[in-house]
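Single-letter residue listing:
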Amino acid sequence: MVVEGKAATAHRMSYGFSDQLHSRFLVICQKSKGGNPLGIFQGDPLNNSFGLILLEIAIVLVASRTVRFLLKPLKQPRVISDLIGGIFVGPSLLGHNKTFSTHLFPENTKFVVRNMGLMGFMYFLFISGVKMDLTLVKKSGRKHVVIAFLGVLAPILAVIGLSCIIRPLMDKELAKDSSIGAVAASVAIPAFPVLFPILKELNLLSSEVGRMALSTAIISDAIGLNAIAGFEAIKQGEAKSTYTIWYVISTIVLALFMVTVVRKFMIWIIERTPEGKPVDQSYVTIILLGVLVIGFLTDMFGIAIGNGPLWLGLVIPDGPPLGSTLVDKSETFIMEILMPFSFTYIGLYTDVYSMASIGWSGVAPLFYMVLIGYAFKFIATLLPSLFYNIPVRDSLTLSLIMSLRGQVEILLFLHWMDKKIIGIPRFSLMILLTMAVTAVATPLIAFFYDPTRPYMVNKRRTIQHTPPNTDIGIILCIHDQESVNGLINLLEISYPTTTSRFSVYAIHLVELLGRAAPVFVDHDKEEEDDRYCNAHTADDTIYSALKLYQEVRAEFVNIHAFTVQAPNRTMYQNICEMALLNKATIIIVPYHKEHLDGVTGIVRRGIQSVNSSVLVHAPCSVGVLVDKGELRQPIVGLRVRKVELNFVVLFLGGADSREALAYADRMVMNPDVTLTVIRFLSHNNEGDNEMEKKLDDGIVTSFWVKNEANDRVLYREVVVKNGEETVAAIQALNDGLYDLWIVGRQQGINPVLLEGLSNWSENIQELGVIGDIVAMADFASNGSVLVIQQ
């Protein structure tokens, strides 16, 4: 039997949750029916409560994903799709049909959906708290604090000021000081848990604006949540003054318990976890069950059921090993299974028809309060951003990001209903306003701010156009320990000299796990955060190898070591930004596959997309190194040991081939390197681009004039009619003599030379056609491959 009535309102809820929000319902008594093993053959399957719940689960998930698919071209964030999916099955759309509502969402199954939705919101706040890095507050600059403070204060004062004017138009509950304050504070706060997933969808986490938005949001949350707590205390005191005192005491006691006892327990778990290993499954289970326990305690003390899970997430150290394990183990289930129920929970309370029942006069005061709050929020973020000389487009983008609304605001609206500040009509209005603001702001963010725009320079740096005896800036991308030796040895054979030193910016790239804000660590600085530097055991090994090479080659090479933790989708932004700021000539990235013994290989997941993005957006040349093992040998110091190395350049023409030849020309200055240059020409000059041909002739002639007397340089020309003959000529060279194959990626190559080869290659996007053929494991050569893009 399910009972819902006015007596049920005695039950307390908090941060936006209540099982008694529909106190308008009559008492409903229904006979609970068990499952029937014969199913449809013995009666109506919808009378089976368990089967009906399973059907509702399917409907919720299908509706949510269908709307997400349809709105994806419109650049709408997931929160909008999920909200629409929830409203779709609610009384505003399908649920308005009594037949649909009675048969598919009767009150006894609505009870289950609401409770699962409640748990979804709790776990969403928990996992958001785990990802938050509160140290961003200490790292923030003055402008972050000023923008955050004004962005919260201005809308609060604007809403309060307007409320004083239109208070006679408000109903009794909304006109109370605590209610006005609650509305003002909720409009003013840019919630970090809302901003992070949207910025992630827009690939802005690693962008300058994205990082500023996350830092500003955390500061704003700290200010705004204190304001909400203050108004909540006032609301408690409206019934009895002593309630305010007990509310404050309960909040302080529970907060101290979380910061001391629970925090120490989490640190103890980390200390018991072997370095480089995930946290034991039993601890993960205990923590996830603790979310429900802490939710119950905060509800019992009247603090708000959503605060407990959020606080628990905040006291867990973000990142590896604990934070990343919790996110890895639970995020998919929370976001893909529980959260659709949460939005269905919202949809069941959103009723646009109820708004018509009270008319415009009933919703107008709240509408004006929220509208003025959003407007002042936008302006109060924009003006100080411009004052600090942030570009106009970036300032507009930041203001729009700070205006985004989502899950946290929805929880507050539910909380307002529980406190009787608003009813179903005004709740529905708030949901529609939330959807409208976020749905409009998100595409505008994508319009105003392109994260790749800073790297779109008019003149890109290249090796070919770098004057002789000039220092060269190199960005060295390192994904794991296995790629370090090959990359360092590539630096060595690239022949740094005292007159042409290498300024190397080595970036250890780590996928962001268990935290929201990207992490950037400069190892040259004296003070480093151990949580970041030692998060991966590979960090120390990589840094030690770089430091050792720096000591050996201090006269020729200057290495700056960094660690970057970012999502794979936005990692290229960190690489390109580093190249732009340091005026790098070339970015060197390891291939996403690595051959351990010439045949057996490992795949670095997600790295292919990083490399592809770097190739598209880099402000300088890019080299992709396919290390087949030859470069992994300890050849540092080869000038002393007289190790002979044989390199070959496959010159097929075009800008990339010219850059490859320029790189090889630098290498051949090394007295221990022998270089063979094979130039491929089409039969009867078929398919040649005259301009490209002249440029190719110029650099080849210059190279040969310079090296004609060098007996370590061999130049040959091969004429072919199609791609098959091109491959045959390359295979004829494959006699195991070459330690490194150097080839241009694809730009400017005569299509006749590649005719018929497009189906031969699997990774054209990363290596180009010829580079991929030479890099294949079944290409009978242990020589590594360097693919160059100008």
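Just so you know, these numbers come straight off a predicted model, no measurement behind them.

J.: Looking at this structure, how should I read the overall build of the protein?
T.: A tally of regular secondary structure across the protein gives 27 helices and 13 strands. Expressed as a percentage of the 790 residues in the protein, the buried residues total 58%. Residue pairs at least 24 apart in sequence account for 82% of intrachain contacts in the protein once pairs closer than 6 positions are excluded. Surface summary for the protein: the accessible area is close to 33,500 Å², and the carbon and sulfur share equals 61%.

J.: Please explain the nonpolar core as it appears in this structure.
T.: What tends to happen in soluble globular proteins is that the nonpolar side chains get buried as a cluster. Counting 120 residues, the largest nonpolar core has F126, L312, I401, W416, F427 and I431 as the members making the most contacts within it. In terms of residue count, the dominant contributor to this core is helix α13 (residues 322–349) (13 residues). Residues M571, M578, I587 and V614 belong to the second largest nonpolar core, which totals 52 residues.

J.: Please explain the packing of aromatic side chains as it appears in this structure.
T.: Applying the stated criterion across every chain yields a total of eleven aromatic pairs. Arranged with centres 5.4 Å apart and planes meeting at 80 degrees, the rings of Y345 and Y349 form a pair that is edge-to-face. Of this pair, Y345 and Y349 both sit in helix α13, separated by four residues, roughly a single helical turn. Both residues of the pair, Y345 and Y349, belong to the buried class. On the numbers, 5.3 Å between centres and 70 degrees between planes, the contact of F447 with F448 is edge-to-face.

J.: Whenever I open this one, the environment of F333 confuses me. Can you help?
T.: Inspection of the secondary structure assignment puts F333 in helix α13. Given the relative accessible area of 48%, F333 is considered partly exposed.

J.: Please clarify how helix α8 (residues 192–201) should be interpreted in this entry.
T.: Side chains of residues three or four places apart in an α-helix project in the same direction, reflecting 3.6 residues per turn. Across the ten residues of α8, seven count as buried, placing the element largely inside the fold. Here α8 has its buried residues at F192, P193, V194, L195, F196, I198 and L199. With its phi angle positive at about 60 degrees, N203 sits one or two positions after the end of α8.

J.: What's the story with a nonpolar patch on the surface in this structure? I'm lost.
T.: Residues F149, L150, L153 and L157 make up a contiguous nonpolar surface patch of roughly 340 Å² in combined accessible area. With respect to the helices, strands and loops of the structure, L150 is situated in helix α6 (residues 142–166).

J.: Where do I start with the packing of helix α4 (residues 107–131) against α13 in this structure?
T.: One way to put it is that α4 packs onto α13 with a least axis distance of 6 Å and a crossing angle of 140 degrees. As far as their axial angle goes, α13 and α4 are oblique. Crossing of α4 over α13 shows left-handed handedness. When the residues that make up the contact of α4 with α13 are grouped by side-chain class, the tally is 21 nonpolar, six polar and four charged.

J.: Please clarify how the pattern of salt bridges should be interpreted in this entry.
T.: Once their charged atoms are close, side chains differing in charge can pair, the charge on each being opposite to the other. Scanning the entire structure with this criterion turns up 14 salt bridges. In this structure, R211 engages E577 in a salt bridge whose closest nitrogen and oxygen atoms are separated by 3.4 Å. Taken together, the residues span a long stretch of sequence, with R211 in helix α9 (residues 208–239) and E577 in helix α21 (residues 571–581) at a distance of 366 residues. Salt bridges linked by common partners bring R65, R68, R78, D82 and E336 together as one network.

J.: For this particular structure, what's the right way to read the packing of helix α11 (residues 281–300) against α13?
T.: For any two helices packed against each other, one specifies the inter-axial angle together with the distance between the axes. Following both chains from N to C, one finds α11 and α13 inclined at 75 degrees, their axes separated by 11 Å at the closest point. One way to sum up the angle between α11 and α13 is to call them roughly perpendicular. Two secondary-structure elements touch here, α11 through Q281, V284, I287 and L288 and α13 through L322, T325, L326, K329 and S330. Counted by class, the contact of α11 with α13 contains five nonpolar, three polar and one charged residues.

J.: Please clarify how the sheet that holds strand β11 (residues 713–720) should be interpreted in this entry.
T.: Strand pairing within a sheet occurs via backbone hydrogen bonds; the two strands may be parallel or antiparallel. Read across the open sheet, the eleven strands follow the order β3-β4-β2-β1-β5-β8-β13-β12-β9-β10-β11; overall the sheet is mixed. Each edge of the sheet is formed by a strand with only one pairing partner; in this case those strands are β3 (519–522) and β11. Pairs of neighbouring strands in the sheet enclose a mean axial angle of 20 degrees, with direction left out of account. As defined by bridge partners, strand β2 (residues 502–511) adjoins strand β4 (residues 557–566) across ten bridges and the pair is classed as parallel. Across the sheet, residue Y505 finds its bridge partner in β4, namely H560. Sheet strands in contact with helix α25 (residues 690–707) are β9 (645–651), β10 (673–682) and β11, and its direction is about 150 degrees off that of β10. Running over the sheet, helix α27 (residues 764–775) touches β8 (621–626), β9, β12 (740–744) and β13 (784–789) and is turned about 165 degrees from β13.

J.: How should I be thinking about the pairing of β10 in this particular structure?
T.: Consecutive side chains along a regular strand alternate between the two faces of the sheet. The element β10 is extensively covered by neighbouring structure, given that nine of its ten residues are classed as buried. Pairing between β9 and β10: seven bridges, direction parallel. The partner of F651 across the bridge, within β10, is R679. Taking the sense of rotation as the criterion, the β-α-β connection linking β9, helix α24 (residues 655–667) and β10 turns out right-handed. On the question of chirality, the crossover connecting β10 to the parallel β11 by way of α25 is right-handed.

J.: What is the right way to look at the confidence of the model for the protein in this model?
T.: Detailed conclusions should not be drawn from predicted coordinates in areas where pLDDT is low. Predicted confidence across the protein gives a mean pLDDT of 79, with 83% of residues reaching 70 or more. Averaged pLDDT values over the elements of the protein bottom out at 43 in helix α23 (residues 638–641) and peak at 90 in helix α15 (residues 392–402). Counting contacts from residues 1–27, a segment whose pLDDT is below 50, to residues more than four positions away or on other chains yields 74 contacts.

J.: What should I look at first to understand the environment of T381 in this one?
T.: By the secondary structure assignment, T381 is in helix α14 (residues 352–387). For T381 and G151, which are 230 residues apart along the polypeptide, the C-alpha to C-alpha distance reads 5.2 Å. Not counting residues up to four positions away in its chain, the partners in contact with T381 are I147, G151, L398, S399 and M402.

J.: I keep staring at the pairing of β8 and nothing clicks. Help me out?
T.: The buried count for β8 comes to six of six residues, which makes it a mostly enclosed element. Residue alternation in β8 divides its side chains into two sets, S621, G623 and L625 and V622, V624 and V626, and both sets are buried. Inspection of the sheet shows β8 paired to β13 by five bridges, in the antiparallel sense. Across the sheet, V622 pairs through a bridge with Q789, a residue of β13.

J.: Quick question: what am I supposed to make of the state of the cysteines here?
T.: Cysteine pairs can be covalently joined through their sulfur atoms, and such a bond is termed a disulfide. A complete count under the given rule lists zero disulfides for this structure. In this model C477 remains outside any disulfide bridge; the closest cysteine sulfur is found in C576, 8.8 Å from its own. Owing to a relative accessible area of 0%, C477 belongs among the buried residues under this scheme. In this structure C620 is a free cysteine whose sulfur lies 7.8 Å from that of C576, the closest cysteine sulfur available. Residue class for C620 comes out buried when judged on its relative accessible area of 3%.

J.: Help me understand the environment of L288, please; the structure alone is not making it clear to me.
T.: Along the chain, the position of L288 falls in helix α11. Remark: the alpha-carbon pair of L288 and I127, spanning 161 residues in sequence, is separated by 9.9 Å. Excluding anything up to four places from it in sequence, L288 contacts Y123, F126, L326 and S330.

J.: Looking at this structure, I do not really get unusual backbone geometry. What am I missing?
T.: Glycine aside, the phi torsion of most residues is negative, and most peptide linkages are trans. Backbone geometry places N203, a non-glycine residue, at a positive phi of 60 degrees. With respect to the helices and strands, N203 occurs in the loop between α8 and α9. Although it is not a glycine, K583 adopts a positive phi angle of roughly 55 degrees. Tracing the backbone shows K583 in the loop between α21 and β5 (586–590). Residue classification places K583 among the exposed positions, given a relative accessible area of 54%.

Reading guide: rules and limits
- Residues numbered from 1 in each chain as written.
- Predicted model: local features only at pLDDT ≥ 70, side-chain atom pairs only at ≥ 80, totals over all residues.
- Heavy atoms only, no water.
- Helix = DSSP H or I, 4+ residues; strand = E, 2+ residues; numbered from the N terminus.
- Buried < 20%, exposed > 50% of the residue type's maximum accessible area, 1.4 Å probe, protein only.
- Contact = heavy atoms within 4.5 Å.
- Areas by Shrake-Rupley, 256 points an atom, 1.4 Å probe, with all protein chains shown as cover.
- Core = buried A, V, L, I, M, F, W, Y, C linked by side-chain atoms within 4.5 Å.
- Phe/Tyr/Trp six-rings, centres within 6.5 Å; stacked < 30°, edge-to-face > 60°.
- Patch = residues over 30% accessible without salt bridge, like charges linked within 9 Å, V, L, I, M, F, W, Y side chains within 5 Å.
- Salt bridge = Lys/Arg side-chain N within 4 Å of Asp/Glu carboxyl O.
- Axes fitted to C-alpha atoms, helices over the stretch in contact; angles between N-to-C directions.
- Parallel < 35°, antiparallel > 145°, perpendicular 65-115°, else oblique.
- Left-handed = near helix turned anticlockwise from the far one by under 90°.
- Nonpolar A, V, L, I, M, F, W, Y, C, P; charged D, E, K, R; others polar.
- Pairing = 2+ DSSP bridges.
- Right-handed = clockwise from strand over helix to strand, strands pointing away.
- pLDDT = per-residue confidence, 0-100.
- Disulfide = S-S within 2.5 Å.

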